[in-house]
Amino acid sequence: NAGVTQTPKFQVLKTGQSMTLQCAQDMNHEYMSWYRQDPGMGLRLIHYSVGAGITDQGEVPNGYNVSRSTTEDFPLRLLSAAPSQTSVYFCASSYSPNRGAKNIQYFGAGTRLSVL
Amino acid sequence: GENVEQHPSTLSVQEGDSAVIKCTYSDSASNYFPWYKQELGKGPQLIIDIRSNVGEKKDQRIAVTLNKTAKHFSLHITETQPEDSAVYFCAAPDTGRRALTFGSGTRLQVQP
């Protein structure tokens with residue numbers, strides 16, 4: 001198993017450009033999510049999905065779109081990049097989306113994004 | 001939603017000493033508390049977790065304690081080694097979003 005695979009590893013964008021961060025998992029996990037990591041702020045949830053065709057907003061969803069057409073893939077789209085979106089982005093997946101239940105999340109290696 | 005606070009933000013210890021990282025949470029209904037370790041250039045990885053029906057759990061040199069009354073839980077690393085140097089995150093369930101809410105992270109540096 002490759003686990004959770006994120007591409008690209010690094011990306012530099014100009015303000016206003018759009019791009020898609022790719023995330024794929026081969027563990028047949030129902031639950032997938034996107035986080036951003038900023039210094040001193042931990043991991044903040046952007047969007048998540050509890051299964052194919054179902055997505056919902058996290059703590060910081062503005063400026064990002066997601067879709068979940070298959071169990072394996074969960075791409076994150078930046079519609080019009082802004083310097084405030086400079087961050088490290090992590091995709092994660094897990095077996096259990098149940099409320100409050102044990103929810104071991106498996107993370108990808110991250111995408112480091114700079115918006116100039 | 002859940003609010004998780006983590007302290008300290010940085011921690012430096014000598015090799016062989018113990019390290020303790022503390023977290024508090026706000027939602028009294030939370031019942032699962034994992035700890036993740038993030039090495040440089042990698043994604044976070046689960047190292048230990050605890051359910052609310054136990055007060056302490058150990059796995060070799062690491063242990064987690066939970067005080068549900070006070071709503072805090074802690075990570076203890078004994079006999080620290082240079083390979084323990086990393087960023088550690090605590091987390092608690094955000095039951096409203098079926099997700100985890102993470103603390104702000106602790107950068108642990110173990111000096112040889």
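In what follows, the accompanying structure is described. (Residues numbered from 1 in each chain as written. Chains lettered and ligands numbered in written order. Predicted model: local features only at pLDDT ≥ 70, side-chain atom pairs only at ≥ 80, totals over all residues. Heavy atoms only, no water.)

**Details of the overall build of chain A**
Reasoning step 1: Within chain A, the secondary structure is distributed over 0 helices and 11 strands.
Reasoning step 2: Order of helices (α) and strands (β) in chain A, N terminus to C terminus: β-β-β-β-β-β-β-β-β-β-β.
Reasoning step 3: Relative to a compact globule of 116 residues, whose C-alpha radius of gyration would be 13 Å, chain A shows 13 Å and is just as compact.
Reasoning step 4: Expressed along its principal axes, the backbone C-alpha trace of chain A runs to roughly 40 × 25 × 25 Å.
Reasoning step 5: Once local pairs closer than 6 in sequence are excluded, the contacts in chain A between residues at least 24 apart make up 55%.
Reasoning step 6: As presented, chain A carries roughly 5300 Å² of accessible surface, and 50% of it is formed by carbon and sulfur atoms. (Helix = DSSP H or I, 4+ residues; strand = E, 2+ residues; numbered from the N terminus. Rg over C-alpha atoms; globule rule 2.2 N^0.38 Å. Contact = heavy atoms within 4.5 Å. Areas by Shrake-Rupley, 256 points an atom, 1.4 Å probe, with all protein chains shown as cover.)

**Concerning the packing of aromatic side chains**
Reasoning step 1: All chains considered together, the criterion is met by 13 aromatic pairs over all chains.
Reasoning step 2: A centroid spacing of 5.4 Å and a plane angle of 90° characterise the contact between Tyr-35 of chain A and Phe-102 of chain B, whose relative ring orientation is edge-to-face. Placement of the pair is Tyr-35 of chain A in strand S4 (residues 31–37) and Phe-102 of chain B in strand S10 (residues 99–102), with the two residues belonging to separate chains. Residue Tyr-35 of chain A shares its accessibility class with Phe-102 of chain B, and that shared class is buried.
Reasoning step 3: Ring centres of Phe-107 of chain A and Tyr-36 of chain B lie 5.7 Å apart, and the angle between their planes is 85°; on these two criteria the pair is classed as edge-to-face. With one member in each of two chains, Phe-107 of chain A in strand S10 (residues 106–107) and Tyr-36 of chain B in strand S4 (residues 32–38) form a pair that bridges those chains. For the pair formed by Phe-107 of chain A and Tyr-36 of chain B, the shared burial category is buried. (Phe/Tyr/Trp six-rings, centres within 6.5 Å; stacked < 30°, edge-to-face > 60°. Buried < 20%, exposed > 50% of the residue type's maximum accessible area, 1.4 Å probe, protein only.)

**Some remarks on the interface of chain A and chain B**
Reasoning step 1: On the chain B side, the residues contacting the 25 residues of chain A number 22 residues.
Reasoning step 2: Linking chain A with chain B are 0 salt bridges.
Reasoning step 3: Counting every contact that joins chain A to chain B gives 2 residue pairs in polar contact (both at pLDDT 80 or more).
Reasoning step 4: Where the side of chain A that touches chain B is concerned, the elements lending two or more residues are S4 and strand S5 (43–51) of chain A.
Reasoning step 5: For the side of chain A that touches chain B, the element with the most residues is S5 of chain A, which contributes 4 residues.
Reasoning step 6: Grouping the constituent residues of the side of chain A that touches chain B by class yields 13 nonpolar, 9 polar and 3 charged. (Salt bridge = Lys/Arg side-chain N within 4 Å of Asp/Glu carboxyl O. Polar contact = N/O pair within 3.5 Å; in protein donor to acceptor, adjacent residues only side chain to side chain. Nonpolar A, V, L, I, M, F, W, Y, C, P; charged D, E, K, R; others polar.)

**Observations concerning the state of the cysteines**
Linking two cysteines covalently via their sulfur atoms produces the bond known as a disulfide.
Reasoning step 1: With the rule as written, the count across this model stands at 2 disulfides over all chains.
Reasoning step 2: Between the sulfur of Cys-23 of chain A and that of Cys-91 of chain A lies a disulfide, 1.9 Å long from S to S. Given an S-S torsion of about -70°, the disulfide between Cys-23 of chain A and Cys-91 of chain A has left-handed geometry. With a gap of 68 residues between them, Cys-23 of chain A in strand S3 (residues 19–25) and Cys-91 of chain A in strand S9 (residues 87–94) connect regions that are remote in the sequence. Each of the two residues, Cys-23 of chain A as well as Cys-91 of chain A, counts as buried.
Reasoning step 3: Here Cys-23 of chain B pairs with Cys-90 of chain B through a disulfide, and the sulfurs are 1.9 Å apart. Torsion about the S-S bond of the Cys-23 of chain B and Cys-90 of chain B cystine: about -95°, corresponding to left-handed handedness. Taken together, the residues span a long stretch of sequence, with Cys-23 of chain B in strand S3 (residues 19–25) and Cys-90 of chain B in strand S9 (residues 86–94) at a distance of 67 residues. (Disulfide = S-S within 2.5 Å.)

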